[in-house]
Every structure is written in C-alpha cells, then in structure tokens.
Amino acid sequence: MPGNENPSLSAYRLLRLSRPVLVIVPAMGLVLGFGLHVAGDDHWPGVIWAAATLPILGVLIIEIIGSLRHGDVGLDIVAALSMTGALVFGEHLAAVVVALMYAGGQYLESFAERRAKREMTALLTRVPRMAIRHRGSRLEEVTLDLIAPQDRLLIRQGDVVPVDGLVAKGVAVLDQSALTGEAVPARKRAGEPVMSGVTNVGDAFDLLATHRAVESTYAGIVRLIEVAQRSKAPLARLADRFALAFLALTIVLAGGAWLWSGDPIRALAVLVIATPCPLILAVPVAIVAGMSRAAKAGVLVKGGRALETLSHVKTLVIDKTGTLTHGQARIVEILPMAGLSSDRLLQLAASLDQASKHVIARALVSEAQDRGIDLLLPIKVEETPGEGLEGYVDNQRVVVGGIRFVSRHVPRMEAGAAGQHPAGSVMVAIAVDDEPAGLLILADPLRTEAAHVIESLRRLGIARVILATGDRREVAQAVTVGLHFDAVHADLTPDRKIAIVQAEKRRGPVMMIGDGVNDAPALAAADLGVAMGARGAAASAEAADVVLLVDRLDRIPGAILMARRSRRIALQSVYVGIGLSILGMIAAGLGYLTPVQGALIQEAIDVAVILNALRALWGSETS
Ligand code: ADP
Ligand code: MG
C-alpha cells in the first residue's frame, strides 16, 4: 500500500529489533562482573555492571519522554528511578539485575505480541478470497492470486477492493475508513485510483487492476491487525490506573523509609522491589495470549477491548439468512410467469445476481452454473442491501429480490406471488421490463449446530436471544421452529436492525451476529459485532469486532469462555503481583532486604506473574 510507511512506525520497529540486544547486554555484564567478583576483583565488577545498565536506562528514558509527551504516566518511571538510584548509591549489582529484568520483561511482551500477530496473519492468509473478473462478455470467479494488472474486475457492493486499481466504469462510492480513518465515503469517477482494502459501499463498479494481489492483500492484513492492537483494552487501562496509585504508594514508602531511617539505601530497596515492569505486562500478555488462542480456533478478535466485551455480553441479536441458516440455499421450485421458460427466468435472475454478494444471490449463481446455464453480463446494476437489485441483462430491465422490494418497483408482483409461500422457504421474486416474471423458491435450512449454540449461549449467561431478519415473518417463524427466541423481528431494513440493537443495548451489552452488507451498520452499532467472515460480505467483517473465519457458529461459545479465562487470569496476575510487591516493599522499608535481594525477589514475582498470564495461551476453557 503506498504511503503507509510512517517514520514513527519504523522507529518502533527498530526498538523492537533491538530488544534481544537489550537483554543480552545486561546479561553478559552480569555474568562477566560476577566472574571477576568471584575471581577476587573488587573494582571492575561494579564498573561493568554500571556500564551494562546504562544502555537500558538510556532507552528507557527515551521511551518515558515519548510517553510523557502523550500524557501517559506509567510504572516505567519507577524502573528508571530505581536504576538511577542504584547507580548513584553505588548499588551496581542491583542496577544491572533491574536492567536485565526490565529488558527481559519487554522482550517477553514483544514475544507474546509477535506470536499473536503470527497466528492472526496465518489465519487471514488461509482465507480463500475470490474476485469476479470480466472475460470477454462473461464474468468468472477467480482466486486473487490469478489477478494481473490490466484485468477488469467487478467490485460488488460490500466487497473490499482486492487489488490497487482504477475505476474503469461507473462511479465508485468507497468507505476508506479502515485505511484512512476518514468516516465520510469517497466518490471516485472513472480513471481515478482506488486503493486495495477500501470497501465498496455504493453500487457495483468495474475496476481496472494496476497491481497484483500479493502487493495489496498483505498490507490489508497488517492494517487489520494493527488496528486491533491499537485499541486498548479497558482492562489495560485499569492496569494503568493501578499503576498511578502504585507509583504514588511507592514514592511515599520509599520517602518514608528514607526519612525514618536516614538511610537512602532503604529507599532504593523499596524502589527496586516496586519495579514491577513485567507485572504491568501481565495484562497485555494475558490479553494477547487470549487473542492468539482465539485466532487458533478460527476466531479473529480485533483487540483487547473486543475480547473483554466478549466476556460479558448479555443479549444476542442474530440475523437469519447466512447466519442461522448456512446460506447455501438450493432451489426447490421455479415458478415462471408471462410465458418465460424456467431456465430463462433463472438465467436472468442469476446473471443480475452476479453483481451481489448476498448469500441468496450467490446461491442462485452457483445453482445456475450447476445447471449449465450461461450467465450474461449485468450492467447498470443498483443494489439495495438485503433487499434486492435492479439492472439490465441482455438489454432487458431486470429486478430481483425479496417480494417487498420487487413489488415496490412492479406493484403487480404482489398479487402474482399471493398464495405461493411454501412455509419456511426463501422466496425470490423477479420482474422483467416492468412485468412480473416469476418466483424462485429456495430451501435454506438452519445450520445443524444452531439450536445447540443458542442453548450453550444461554447457559453462559446470555439472558436474551433475539432474531432480526430482513426476510418475511412467515419464513422467519417457520425456519426457526424449535429455537426459543425472546423476540422475532422480521422485514427489517438495515436501519431498523440498528434500532433493534440500540433498544436492546439499554438492558446490557449486546452481541450482534450477522453476515450481510445489510448487517454491517448493526454490527458496528452493537457493543460487540460478530461477522460470519468465511462466506459473508467483507463489509460486515470490517464493521465487526470479531470475525469468524471458519463458517461455524459453534465457535462463539468457545470464544466467550476463552475471553473470560484471559480476563480472569489477567486480573489474578495483577492482584497477586501487586500484593506480593507491597509486602516486599514494606519488608525493604523496614530494613529486612538489601537492594540486590529486593531486585531478585521482585523478579521472581514478576516471572511467576508473567508465566501465569501466559497460561491464557494453553489449557482448556471448561470453567
Ligand atoms: P437476513 O436479514 O435474514 O439475513 P436478508 O435481509 O439478507 O435476510 O434477505 C432477505 C430476503 O431478501 C432473502 O431471503 C431474499 O429473498 C431477498 N434478497 C435480498 N437480496 C437479494 C438478492 N441480491 N438476490 C435475491 N434475493 C435477495
Ligand atoms: Mg444475512
């Protein structure tokens, strides 16, 4: 992606790369000084320990200045104070131990973060992504790696633009917020460049590829993960608040010990014990570990905030088509009107539906292909998300969609469809040149795991389960017999879905699960949006906080358990770690611990706490 390499990011990378070096320097210094000390030298060990501390202290001070500029006051200050104090008062061994443990803690954190990133990247690259390419007067579905510059692609509404290119025809309305943070969609005319990674929120348009996918998708993945990591979890902020109180307590205890005993070394011992560098890492480590654990199960959790919300959702609002049902609908009946043949009806509907990402549209396209029907090129397509689309096929004006949508264009459609509603089946209406042309009846059964998942979610404390579908009420009710809902809302437009989510939010945190472009606004409005990412629209995956990259609902209860476990472990680490540190500080203030002993004890606590936090990576979520 062009223009993405910002300087502070590469400075950050440099710092990252230098992490192992920052661990090696104090480690070598410690060992070398210790060797000389054992050999009887009592001058050089101190010099070496001090020299090995300085680089860490230097980097730390630079980082502290950087974060103070952003208004962040953290426990890093205690680490800097204790290293400086130890150097000033000639406690060089304590200084180098603190330096080593500080650098080691940072290294551990970056290790956990890298691991989570690797897991998520691997996961995203496994997702097969397809694009629709023009070939002659036909459209074909191709994998992204086959796209070459100069290819002409059809970008449907809700598609994420897969490669960099130019608008070839039509006007593109693009949501660039994922790339630029700019919330207002941009309009691009023919000839204007389009960056990969933006979402088409307008009608379908043609894109002329200028780059290959590999040059673009990777950038997209990195962006998604970076956004995820930038969002700070409330729990991490809790740790920051702890940090402030802890900083104050440390200064009071250290100052008090000094005043009371007249011995600055006691203050130093208190500071050294208070240096809980890895302790504040425990929260991020537990969160990142939880995220990477979830990623392994095919659940992409976009950041610590999402992980936390996942642990305490109370209400579920769930979409029907493509979410509760698997969306691989099969045609059970073709009912042509006005003398059309069945094949011609399906040909017109499926040809137009090539321009839509809706699950039913995709089902129609694949069914037509299975039947060996030639699909034609649709032009001037306009889509109303979740309702249907209009456009021209073979010089005929075609309208395809739900009965309500098609009747709005061709009022006589309504009468033609009366009495044709087999219970529980999805009905697609088609009008051609302003005449009712026929109906397609499709069976779109529930996912086999649906009932079980809803039951598990209720057992996990989700008190309300609500169905919110754009489909007709009869269909919603017939398909979901046997599932127990607290409310069923049907015939919803995207903004009515938002209204339902918002009304439910008054009772407690709401999780919304959906798959379509028409669900995207409601996913964004919910406390936690969950997108069916494997086959759903990319727009919904962009809007969501959690993306299911495997096409299975039953990963959700597991993800909730994982989130709860990470949270529990994080809090446990903070409480136990800080409690032990305070005990140690009191002992040091009373003169029972030297700075070196203090440093060693504290580091033992820190290592235990980090290892505890890393438990979130392993183990089972049965509790
Ligand atoms: P849900 O909210 O349950 O996911 P939708 O609102 O997405 O349901 O879809 C409802 C109905 O609208 C579908 O069952 C189908 O009849 C019709 N529909 C919407 N878009 C299209 C399309 N592009 N092609 C054919 N039918 C469509
Ligand atoms: Mg849907």
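Treat the numbers as computed from the prediction; the structure is a model and nothing was measured.

Peer 1: I'd like to hear about the overall build of the chain, residue by residue, with values.
Peer 2: Looking only at helices and strands, the chain has 23 helices and 22 strands in total. Per-residue burial over the chain gives 54% buried out of 623 residues. Considering only contacts in the chain between residues 6 or more positions apart, those separated by 24 or more positions represent 69%. Total accessible area on the chain stands at roughly 26000 Å², and carbon and sulfur atoms take up 60% of it.

Peer 1: Before we move on, could you go through the coordination of the magnesium ion (ligand 2) and cite the residues and values that matter?
Peer 2: Perfect tetrahedral coordination of a metal by four donors corresponds to 109.5 degrees between them, and perfect octahedral coordination by six donors corresponds to 90 or 180 degrees. Around the magnesium ion (ligand 2), the donor atoms from the protein are D319 (OD), T321 (O) and D515 (OD), and they sit 2.2 to 2.3 Å away. Each donor residue of the magnesium ion (ligand 2) belongs to the same chain, and together they define the spacing D-x1-T-x193-D. In this pair, D319 is assigned in the loop between β11 (315-318) and α12 (320-324) and D515 in the loop between β20 (510-514) and α20 (520-525), connecting sequence segments 196 residues apart. This pair shows no difference in class: D319 is buried, exactly as D515 is.

Peer 1: If you had to explain the site of ligand 1 to someone new, which residues and values would you point to?
Peer 2: Neighbouring ligand 1 are 23 residues, the closest being D319, H358, T469, G470 and K497. The separation between an oxygen atom of ligand 1 and a polar main-chain atom of T321 is 2.8 Å. Within the side chain of K497, a nitrogen or oxygen atom sits 2.7 Å from an oxygen atom of ligand 1. Relative to its unbound accessible area of 560 Å², ligand 1 is 98% covered by the protein chains. For the shell around ligand 1, the secondary-structure elements that each account for two or more residues are α12, α14 (359-370), β14 (388-393), β15 (396-401) and β16 (426-432). The biggest single contributor to the shell around ligand 1 is β16, with three residues.

Peer 1: Break down the sheet that holds strand β19 (residues 487-489) for me, citing the residues and quoting the values.
Peer 2: Taken together, seven strands build an open sheet; the order of strands is β10-β22-β21-β20-β11-β18-β19 and the sheet is mixed. Edge positions in the sheet fall to β10 (299-301) and β19, since each has one partner strand and no second. Taken pair by pair, the neighbouring strands of this sheet meet at an average axis angle of 15 degrees, ignoring direction. Where β20 lies against strand β21 (residues 528-532), four bridges are found, and the strand directions are parallel. Note that in β21 the partner of M512 across the bridge is G529.

Peer 1: Describe the pattern of salt bridges, listing the residues and the values that go with them.
Peer 2: As a working rule, side chains carrying opposite charge can pair if their charged atoms are close by. Applying the stated criterion across every chain, the model contains 28 salt bridges. Among the ionic pairs, R156 bridges to D159, the shortest N-O distance being 3.1 Å. According to the relative accessible area criterion, D159 is buried, its value standing at 9%. A salt bridge links E367 to R371, with the nearest nitrogen and oxygen atoms 3.1 Å apart. For E367, a relative accessible area of 5% translates into the label buried. Residue R371 is classed as partly exposed on the basis of its relative accessible area of 39%. Here the salt bridges share partners, and the residues they tie into one network are R133, R135, E140 and D151.

Peer 1: Which residues make up the nonpolar core, and what values do they have?
Peer 2: Ranked by internal contacts, the top residues of the largest apolar core, which has 70 residues, are L324, F485, M511, I513, I556 and I560. Top contributing element to this core by residue count: helix α22 (residues 555-589), with eleven residues. Setting aside chain neighbours within four positions, we find M511 in contact with L310, V313, T315, L316, V317, I462, L528, V530, I556 and I560. Counting residues in hydrophobic clusters, the runner-up holds 34 residues, among them I132, V359, V400 and I430.

Peer 1: How would you summarise the pairing of strand β3 (residues 152-155) if you had to cite specific residues and measurements?
Peer 2: Bridging between strand β1 (residues 130-135) and β3 involves two bridges; their strand directions are antiparallel. Along β3, the bridge assignment pairs I132 with L154. Summarising the sheet, β3 and strand β9 (residues 205-209) pair through four bridges and their orientation is antiparallel. Bridged to R152 within β9 is L208.

Peer 1: Could you give an account of the packing of aromatic side chains, naming the residues involved and the relevant values?
Peer 2: According to the stated counting rule, one finds one aromatic pair in the structure shown. Centroid distance F89 to W258: 6.2 Å. Interplanar angle 90 degrees. Geometry classified as edge-to-face. Of this pair, F89 sits in the loop between α4 (76-88) and α5 (92-126) while W258 sits in helix α8 (residues 234-261), and the two are 169 residues apart along the sequence. Positioned above the aromatic ring of Y392 is the side chain of K380, whose terminal nitrogen or guanidinium carbon lies 5.4 Å from the ring centre.

Peer 1: An account of the sheet that holds strand β6 (residues 186-188) is requested, with residue identities and associated values reported.
Peer 2: Picture the strands of a sheet paired through backbone hydrogen bonds; they go either parallel or antiparallel. If you walk across this open sheet you meet the three strands as β6-β5-β8, and the pairing is antiparallel. With partners counted over all chains shown, the strands left at the sheet margins are β6 and β8 (199-200), one partner each. Pairing geometry for strand β5 (residues 172-175) and β6, over three bridges, is antiparallel. Note that in β6 the partner of V173 across the bridge is R187.

Peer 1: Requested: an account of α4, with residues and values cited.
Peer 2: For α4, with 13 residues, the first-to-last C-alpha span of 18 Å sits near the 18 Å given by 1.5 Å per residue. Buried within α4 are the following residues: D76, V78, A79, A80, S82, M83, G85, A86 and L87. At the C-terminal side of α4, G90 shows a positive phi close to 75 degrees.

Definitions and limits used
Every chain's residues receive numbers from 1 upward, in the order its sequence appears when written. Here chains are named by letter from A upward and ligands by number from 1 upward, in the order in which they appear as written. It should be noted that, the model being predicted, local features are given only for residues of pLDDT at least 70 and side-chain atom pairs only at 80 or more, the latter also being counted only at that level, while totals for whole chains, interfaces and linings use all residues. Computation of side-chain values: all heavy atoms of the structure, hydrogens and water removed. In this text, helices come from DSSP runs of H or I with a minimum length of four residues, and strands from runs of E with a minimum of two, each type numbered from the N-terminal end. We call a residue buried when its accessible area falls under 20% of the maximum for its residue type, exposed when it is over 50%, and partly exposed in between, using a 1.4 Å probe and counting protein chains only. Working rule for contacts: check all heavy atoms of both residues, and any pair within 4.5 Å makes them a contact. To measure how exposed things are, a 1.4 Å probe is used in the Shrake-Rupley method; for residues, cover is taken only from the protein chains shown. Sites may look incomplete because water is not among the atoms; the donors themselves are N, O and S atoms within 2.8 Å of the metal, or within 3.2 Å for Na, K and Ca. For this purpose, a residue is taken to be near a molecule or strand whenever a single non-hydrogen atom of the residue falls within 4 Å of it. Pairs of N or O atoms within 3.5 Å make up the polar contacts considered here, provided that, within protein, one atom can donate a hydrogen while the other can accept it, and that residues adjacent in sequence are counted only when both atoms are side-chain atoms. Here, strands pair whenever DSSP counts at least two bridges between them. Every angle, taken between N-to-C directions, lies between 0 and 180 degrees, and every axis is a line fitted to C-alpha atoms, over only the stretch in contact when it is a helix. In what follows, salt bridge is the name for a side-chain nitrogen of Lys or Arg lying within 4 Å of a carboxyl oxygen of Asp or Glu. Only buried residues count toward a nonpolar core, which is a set of Ala, Val, Leu, Ile, Met, Phe, Trp, Tyr and Cys residues joined through side-chain atoms within 4.5 Å. Centre distance within 6.5 Å is the pairing criterion for rings of Phe, Tyr and Trp, where only the six-membered ring of Trp is used; planes under 30 degrees apart are then read as stacked, over 60 as edge-to-face, and the remainder as tilted. Throughout this description, the term charge over a ring refers to an Arg CZ or Lys NZ atom that lies within 6 Å of the ring centre and within 35 degrees of the ring normal. A helix's residues, less one, multiplied by 1.5 Å, set its expected span.

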